[in-house]
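Structural description and commentary
Given next are the chains, with one letter for each unit.
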Amino acid sequence: MQIRRHGRGYLFKCAKLPNRGTAGSAGLDLYCVEAAVLLPHIVTKFFTDIGVQCPLGHYGHVCPRSSLALKGVIILAGVIDSDYQGSTQVVLENTSDELATVEKHDRIAQLLVKPVHMGTVIEVPRPQQITQRGEGGFGSTDVSGAKVWV
Ligand SMILES: O=c1ccn([C@H]2C[C@H](O)[C@@H](COP(=O)(O)OP(=O)(O)OP(=O)(O)O)O2)c(=O)[nH]1
């Protein structure tokens with residue numbers, strides 16, 4: 001996977017490249033370039049000033065860090081297409097009632113690179129296989145409502 005500094009004015013020079021906290025970490029930590037205050041219940045977009053080039057057939061998934069999630073700071077959006085060439089941005093929402101702060105070069109998210117099905121879309125009149133679930137969902141397999149197949 002290719003990564004480059006890519007940003008706004010001089011800021012991209014300060015961008016910190018994503019890296020793994022440990023050799024076994026699934027996610028690459030993403031760093032913010034500037035300090036910021038996250039107001040309670042407000043959504044804020046952060047530039048990482050990093051361009052990520054995911055291999056074709058893969059996408060980047062911007063995922064939360066558990067330490068921030070515990071403080072009520074969660075991630076919204078988060079799909080990085082393999083053909084996107086801009087700076088990876090992180091959309092954070094402070095769901096708590098308190099101010100939250102991030103400092104320059106804080107880790108604000110982690111990026112997982114995942115395979116994704118890239119098939120073309122074709123219209124069909126009905127599902128091509130019959131499944132046990134059928135159209136059941138939203139609790140259809142709860143004990144009381146389970147279908148019984150004999
Ligand atoms: O958390 C995110 C979500 C998206 N993006 C970038 C990469 C992604 O490839 C692009 C478009 O994202 P998405 O497809 O979710 O946006 P859209 O609202 O559908 O707009 P578009 O018309 O640009 O696809 O924006 C980010 O940097 N961070």
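This write-up is about the structure you can find in this document. (Residues numbered from 1 in each chain as written. Predicted model: local features only at pLDDT ≥ 70, side-chain atom pairs only at ≥ 80, totals over all residues. Heavy atoms only, no water.)

A few points about the environment of Ile3
Counted only if it meets this: Runs of E in the DSSP output that reach at least two residues are strands. Runs of H or I that reach at least four are helices, and both are numbered from the N terminus. Residues count as neighbours in contact if any of their non-hydrogen atoms are within 4.5 Å of one another.
Position of Ile3 among the secondary structure elements: in strand β1 (residues 2-5). Spatially, the C-alpha atom of Ile3 lies 5.7 Å from that of Gly51, the residues being 48 residues apart in sequence. Residues contacting Ile3, with those up to four places away along its chain left out, are Leu17, Pro18, Ile50, Gly51 and Val52.

Remarks on the site of the ligand
The line we're drawing: The cutoff for a nearby residue is simple: one of its non-hydrogen atoms must lie within 4 Å of the molecule or strand. Each polar contact in these results corresponds to two N or O atoms within 3.5 Å; when the atoms are within protein, one needs to be able to donate a hydrogen and the other to accept it, and residues that are neighboring in sequence are counted only if both atoms are side-chain atoms. Accessible areas in this description were obtained via Shrake-Rupley with a 1.4 Å probe; residue shielding takes into account the shown protein chains only. Put simply, Ala, Val, Leu, Ile, Met, Phe, Trp, Tyr, Cys and Pro go in the nonpolar bin, Asp, Glu, Lys and Arg in the charged bin, and everything else, Gly too, in the polar bin.
Taken together, the residues surrounding the ligand are Ala77, Gly78, Val79, Ile80, Asp81, Tyr84, Ser87, Thr88 and Gln89. The contact in question runs from an oxygen atom of the ligand to an N or O atom on the backbone of Gly78, over 2.9 Å. Here the ligand loses 49% of its free accessible area of 570 Å² to cover by the protein chains. Grouping the amino acids of the shell around the ligand by side-chain chemistry returns 4 nonpolar, 4 polar and 1 charged.

Section: the nonpolar core
What counts is decided by this rule: Throughout this description, the term nonpolar core refers to a set of buried Ala, Val, Leu, Ile, Met, Phe, Trp, Tyr and Cys residues connected via side-chain atoms within 4.5 Å. Using a 1.4 Å probe on the protein chains alone, a residue whose accessible area is under 20% of its type maximum counts as buried, one over 50% counts as exposed, and one in between counts as partly exposed.
Counting residues in hydrophobic clusters, the biggest one holds 20 residues, and the most contacted among them are Leu38, Phe46, Val62, Val90, Leu92 and Ile108. Those elements giving two or more residues to this core turn out to be β5 (50-53), β7 (73-76), β9 (89-94), β10 (100-102) and β11 (107-115). Here this core takes 3 residues from β11, the largest share from any one element.

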